[in-house]
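Tertiary structure, described
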Amino acid sequence: MANTLALPLPRAWTPRLILTLLLAPALLWLVALIVLPHMQLALLSFRERVAPHEYEPSLGQYQTFFAEPLYWQVFVRTAVLSVTATALTLLVAFPIAWVITKVARGRASSLLFAICLIPFWVSETVRALGWLILLRESGVLPALLVKLGLTAMPPELLYHDATILTGLVYTSLLFMVVPLVSSLESLDNSLVEAAYDLGASGLAILRHIVIPHAAPGITAGCIVVFMLCLGNYLTPNLLGGKNSQWFTELIYTQFIVRFNWEQGAAFGFLLLGLSTAIVALGLRMSGQRFVDVMRRS
Amino acid sequence: MIASLPRPAWLRAATALYVAAFLVFLFAPLLIVAVFAFNNASYPAPPWRGFTLDWFLGSPTSGRAGLFHDTQLLGSLWTSLIVAIWVTLLSVTVGTANSFLMERYRFRGKQLLSILMLIPLVIPGVILGISILSLSSRVAELLDDLLGLDLDFLRPGLPLVVVGQFSYIATIATLMISARLKRFDLTLEEAALNLGASHAAVLRTITLPYLRPALIGSAAISFLMSFENFNTTLMLVGSDAPLTVMMYGRMREGASPVLNAVSLFLMLASALLALSLMRGGPRTSAGRPGPAST
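Residues numbered from 1 in each chain as written. Chains lettered and ligands numbered in written order. Predicted model: local features only at pLDDT ≥ 70, side-chain atom pairs only at ≥ 80, totals over all residues. Heavy atoms only, no water.

Considering the overall build of chain B
- Per the secondary structure count, chain B includes eleven helices and zero strands.
- Against the 2.2 N^0.38 benchmark of 19 Å for 294 residues, chain B shows a C-alpha radius of gyration of 24 Å, more extended than a compact globule.
- Residues classed as buried in chain B amount to 52% of the 294 residues present.
- Summed over its atoms, the accessible surface of chain B is roughly 13200 Å², and 67% of this surface lies on carbon and sulfur atoms.
- For chain B, the separation between the mean place of its 20 positive charges and that of its 14 negative charges on side chains is 16 Å. (Helix = DSSP H or I, 4+ residues; strand = E, 2+ residues; numbered from the N terminus. Rg over C-alpha atoms; globule rule 2.2 N^0.38 Å. Buried < 20%, exposed > 50% of the residue type's maximum accessible area, 1.4 Å probe, protein only. Areas by Shrake-Rupley, 256 points an atom, 1.4 Å probe, with all protein chains shown as cover. Lys, Arg positive; Asp, Glu negative; His and termini not counted. Charge placed at Lys NZ, Arg CZ, Asp CG, Glu CD.)

Laid out in structure tokens, this is it:
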């Protein structure tokens, strides 16, 4: 327990006292708000009420999850849609990150980057409201489609999976663009020029030079975006309506509506497990460390 | 293809088109929200029926209660403000302490602690919410059984909302402040100490002023993220709803242009915050919000 500063200190016990004082808030925060709550959640998920105020250890909640098709179908659906949303976000964000770092120059580049960040200063609730007004049957886009003569009746654009995906991609873009830009910035232009001079096609340059170089940024962005999609509640709920069937909604229903905390806790752990598994997989595939990825994003 | 290489005309056109489409995608929802705050109709939908300020100023008696007369919305705005101030104070204080701890000291378990500090960012907000909810009600139960105490702040309500938001915003504040403290030149402190300054004086006149941009930046980001938080808040909220939860409830009932009005107000407020951050001080990592939707 040594102070790394080679400074003259008034008394021998001072560094230790200061260290204790600095450790206290950190430990209080992490133990009381992260570690203990999750232990309690785990306890909840592994017990069953046998009589009022009497509980027994049980795997009942987890069995219910697998026995009830609705539950695990929603789980799988949430995972699949989140992966799709992550892939789409990467596809949409990559060209923009490329333009920002490699095509636009000087002020235009930093201006475009700044403009890309603006919407994310605005609350997700406001952005969801915008999509609602744009897409619902009486909304702007259906009215426009009718006016252009593309459809006779205004179509309902809300409550489809595609709507949920649009909303998720929209809310996730920032978390993809930022790591992509920072990893593409460090790509030396002369590498691309050399490959071009040697006759490589655009696709070959992308595959052999750009993507390998940007891999850390791509992984970081994908991990963060996937986690955010999986844990999102607001966007699937508002844009998907009753059809959204997002796993976080099941957790909310069990906890807040039905007051079945044991079941809700089990669902929470399943979601946490899925999120952790995918993050670990992503890290392993790209051979990166968790700490570096989090710092980067 | 990069700027220094020849690009065919079609590629230039495609790039320009893509950037334009991307910007429309980004800004259409926000623009729409702003425009319909001024539409003279009781439902935020086309067609355009003329300009009105009713959704800001309208009195309840006219049948159109504008934002400035909607006591419920104003109340939730106030609630959000109070919550955000608490979360900001807590996060920046704890974040500063954490930064000194992690950058200046060596101790056993430091590696573990540094990983633990990042964990809150990877836990979905909904789960942060339910885990804190279940622990606090367990503690409340225990205290009630053992001591006969009935502690209100352990039940769903604003104190729990503050604690829940703080639990992950503290990580962001820690990262932002640590990043700046890491680059601090220790010889400055040594010189001041050699010249006879006390430790308190060094902290006050050298280290903290150096950290100022990061402190301000992290305060702004903490405030913004608290104000915008939805997932964690939804799980912990009691009878006083902060703005995001209130807006969500109203949106589910069917939109009214008052929501557009309050949204426009929020947009202007965040724009102001962003601009003042970008102008003030050297560029820190404050230029962008963190994972706001966790």
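Some words on the overall build of chain A
- A tally of regular secondary structure across chain A gives 13 helices and two strands.
- Computed over C-alpha atoms, the radius of gyration of chain A comes to 25 Å, more than 25% over the 19 Å expected from 2.2 N^0.38 for 297 residues, which places it beyond the range of a compact globule.
- Split into buried and exposed, the 297 residues of chain A put 51% on the buried side.
- Nonlocal contacts in chain A, meaning residues at least 24 apart in sequence, comprise 64% of its contacts between residues at least 6 apart. (Contact = heavy atoms within 4.5 Å.)

Focus: the domain arrangement of chain B
Residue and element names in this part refer to chain B.
- On domain assignment, one finds that chain B holds domain 1 (10-41) and domain 2 (70-287).
- Placing a centre on the C-alpha atoms of domain 1 and another on those of domain 2 gives a separation of 32 Å.
- Domain 1 puts eight residues into the contact, and the matching count from domain 2 is six residues.
- Both sides together, the interface formed by domain 1 and domain 2 hides about 510 Å², and carbon and sulfur atoms give 75% of it.
- In this structure, the connection of domain 1 to domain 2 is made through zero salt bridges.
- Our enumeration of links across domain 1 and domain 2 arrives at one residue pair in polar contact (both at pLDDT 80 or more).
- Of the residues in the side of domain 1 that touches domain 2, the class split is eight nonpolar, no polar and no charged. (Domains from an automatic or database assignment. Buried area = accessible area lost by both parts, 1.4 Å probe. Salt bridge = Lys/Arg side-chain N within 4 Å of Asp/Glu carboxyl O. Polar contact = N/O pair within 3.5 Å; in protein donor to acceptor, adjacent residues only side chain to side chain. Nonpolar A, V, L, I, M, F, W, Y, C, P; charged D, E, K, R; others polar.)

Some words on the packing of aromatic side chains
- Evaluation of the coordinates by the stated rule reveals 23 aromatic pairs over all chains.
- Where Phe65(A) meets Phe247(A), the ring centres are 6.1 Å apart and the plane angle is 85°; that geometry is what we call edge-to-face. Taken as a pair, Phe65(A) in helix 2 (residues 60-67) and Phe247(A) in helix 11 (residues 247-257) lie far apart in primary sequence, 182 residues in all.
- Classification of Phe247(A) by relative accessible area gives buried; the value is 0%.
- Centre to centre, the rings of Trp131(A) and Phe25(B) are 5.6 Å apart; their planes meet at 55°, and the pair counts as tilted. Placement of the pair is Trp131(A) in helix 5 (residues 124-135) and Phe25(B) in helix 1 (residues 9-35), with the two residues belonging to separate chains.
- The buried category is assigned to Trp131(A), whose relative accessible area is 8%.
- Lying over the aromatic face of Tyr55(A), Arg47(A) brings its terminal NZ or CZ to 3.5 Å of the ring centre.
- We note Arg180(B) situated over the ring of Tyr210(B); from NZ or CZ to the ring centre the distance is 4.2 Å. (Phe/Tyr/Trp six-rings, centres within 6.5 Å; stacked < 30°, edge-to-face > 60°. Lys NZ or Arg CZ within 6 Å of the ring centre and 35° of its normal.)

Focus on the pattern of salt bridges
- All told, the structure shown has six salt bridges over all chains when counted by the stated rule.
- Taking the shortest distance from any N to any O, the salt bridge between Arg77(A) and Asp161(A) comes out at 3.0 Å. Placement of the pair is Arg77(A) in helix 3 (residues 69-103) and Asp161(A) in helix 7 (residues 161-185), with a sequence separation of 84 residues.
- Between Arg250(B) and Asp70(B) there is a salt bridge, with its nearest N and O atoms 3.1 Å apart. Taken together, the residues span a long stretch of sequence, with Arg250(B) in helix 10 (residues 243-253) and Asp70(B) in the loop between helix 2 (54-57) and helix 3 (71-104) at a distance of 180 residues. By the burial criterion, Arg250(B) is buried, and Asp70(B) matches it.

So, the environment of Tyr210(B)
Residue and element names in this part refer to chain B.
- One can find tyrosine 210 in helix 8 (residues 199-228).
- For the pair tyrosine 210 and leucine 143, spaced 67 residues apart in the sequence, the C-alpha separation amounts to 45 Å.
- Non-local contacts of tyrosine 210, meaning those with residues more than four positions away in its chain, are made with Arg180, Arg183 and Phe184.

Focus on helix 2 of chain A
- Inspection of helix 2 of chain A places Gly60(A), Gln61(A), Tyr62(A) and Phe65(A) among the buried residues, and these make up the whole buried set.
- On its buried face, helix 2 of chain A is in contact with helix 1 (14-45), strand 1 (47-51), helix 3, helix 11 and helix 12 (261-286) of chain A.

With respect to the interface of chain A and chain B
- The interface of chain A with chain B comprises 101 residues on the first partner and 98 residues on the second.
- The interface formed by chain A and chain B holds zero salt bridges in total.
- Applying the counting rule to chain A against chain B returns eight residue pairs in polar contact (both at pLDDT 80 or more).
- Per-element accounting of the side of chain A that touches chain B gives the leading share, 20 residues, to helix 1 of chain A.
- Here the residues of the side of chain A that touches chain B sort into 73 nonpolar, 20 polar and eight charged.

Considerations on the pairing of strand 2 (residues 54-57) of chain A
Residues and elements named next belong to chain A.
- The pairing of strand 1 with strand 2 spans four bridges and is classified as antiparallel. Pairing of arginine 47 across the sheet is with proline 57, part of strand 2.
- If you look at the hairpin formed by strand 1 and strand 2, you'll find two residues sitting between the two strands, and histidine 53 has a positive phi there, around 65°. (Pairing = 2+ DSSP bridges.)

Side note on the layout of surface pockets
- In this structure, the second largest pocket occupies an estimated 830 Å³ of space.
- Surrounding the second largest pocket, 31 residues form its lining, Arg47(A), Tyr55(A), Phe259(A), Trp261(A) and Glu141(B) being those nearest its centre.
- Top element by residues in the lining of the second largest pocket is helix 5 (residues 125-147) of chain B. It accounts for six residues.
- Considering only residue class, the lining of the second largest pocket consists of 15 nonpolar, eight polar and eight charged. (1 Å grid on protein atoms, 1.4 Å probe; cavity = no way out; pocket = protein on both sides within 12 Å on 5 of 7 lines; lining within 4 Å. Points joined across faces, edges and corners; volume = space filled by probe spheres on them.)

Quick word on the nonpolar core
- Ranked by size, the top nonpolar core spans 165 residues in total, and within it Trp29(A), Phe247(A), Phe267(A), Leu101(B), Phe107(B), Leu113(B) and Leu243(B) carry the most contacts.
- No fewer than three residues from each of domain 1 (10-41) and domain 2 (70-287) of chain B sit in this core.
- Apart from residues no more than four positions distant in its own chain, Leu101(B) is found in contact with Leu19(A), Leu22(A), Leu23(A), Ala26(A), Phe107(B) and Leu113(B).
- Ile223(A), Val279(A), Leu283(A) and Val122(B) belong to the second largest nonpolar core, which has five residues in total. (Core = buried A, V, L, I, M, F, W, Y, C linked by side-chain atoms within 4.5 Å.)

Notes on the confidence of the model for chain B
- Across chain B, pLDDT averages 88, with 95% of residues at or above 70.
- Confidence drops under a pLDDT of 50 for residues 281-294 of chain B, and excluding neighbours within four residues, the segment shows 46 contacts in the predicted structure. (pLDDT = per-residue confidence, 0-100.)

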